[in-house]
Amino acid sequence: MDKNLKILYIEDDVDNQQELVEVLSDKTVNGLVMTIDCESSFEEAIVKSNDYHIVILDLYRGDATKGGVDMGSKVYEELKKDIFIPIIFYSGNINGVK
């Protein structure tokens, strides 16, 4: 049995990638060691997602406050057509939050 919990983190901001990798890498959950790979291309992540147990997904390509594109929702829609995989939306976007 694989002792790793393989996570794909889809995030176009390298600083955000590094922060989450530092927090999650090599931590153990229920006896499984978390390994996290980052992908900055939303489109490429769709292809790679079959190789992972969990996807952590950013919502916007670029800065949401400066015209960023909601790619996270598009990736989610594509993924759910083909596979069943837990997806965690992780975003610094607070537009519309009251």
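Relevant structure appears above.
Novice: What is the right way to look at the overall build of the chain in this model?
Specialist: Within the chain one finds 3 helices and 7 strands. Along the chain, helices (α) and strands (β) appear in the sequence β-α-β-β-α-β-β-β-α-β when read from the amino end. Scored against the burial criterion, the 98 residues of the chain give a buried share of 30%. Long-range pairs, those at least 24 residues apart, make up 67% of the contacts in the chain with a sequence separation of at least 6.

Novice: Please clarify how the nonpolar core should be interpreted in this entry.
Specialist: Leu 8, Ile 10, Phe 42, Ala 45, Tyr 52, Val 55, Leu 57, Met 71, Val 75, Leu 79 and Ile 85 together form the largest nonpolar core, which totals 11 residues. Looking at this core, the elements with two or more residues in it are strand S1 (4–10), helix H2 (42–48), strand S4 (54–57) and helix H3 (71–82). Those residues in contact with Val 75 that sit more than four places away from it in its chain are Ile 10, Phe 42, Ile 46 and Leu 57. Ile 7, Tyr 9, Met 34 and Ile 36 belong to the second-largest nonpolar core, a separate cluster that totals 9 residues.

Novice: What should I look at first to understand the environment of Gln 17 in this one?
Specialist: When you line up the elements, Gln 17 lands in helix H1 (residues 14–24). In this structure Gln 17 comes out as buried when scored by relative accessible area, which is 11%. Along the chain, Gln 17 and Cys 38 lie 21 residues apart, while their C-alpha atoms are 6.6 Å from each other. Beyond its immediate chain neighbours, meaning those up to four positions away, Gln 17 contacts Tyr 9, Glu 11, Cys 38, Glu 39 and Ser 40.

About the cut-offs
- Residues numbered from 1 in each chain as written.
- Predicted model: local features only at pLDDT ≥ 70, side-chain atom pairs only at ≥ 80, totals over all residues.
- Heavy atoms only, no water.
- Helix = DSSP H or I, 4+ residues; strand = E, 2+ residues; numbered from the N terminus.
- Buried < 20%, exposed > 50% of the residue type's maximum accessible area, 1.4 Å probe, protein only.
- Contact = heavy atoms within 4.5 Å.
- Core = buried A, V, L, I, M, F, W, Y, C linked by side-chain atoms within 4.5 Å.

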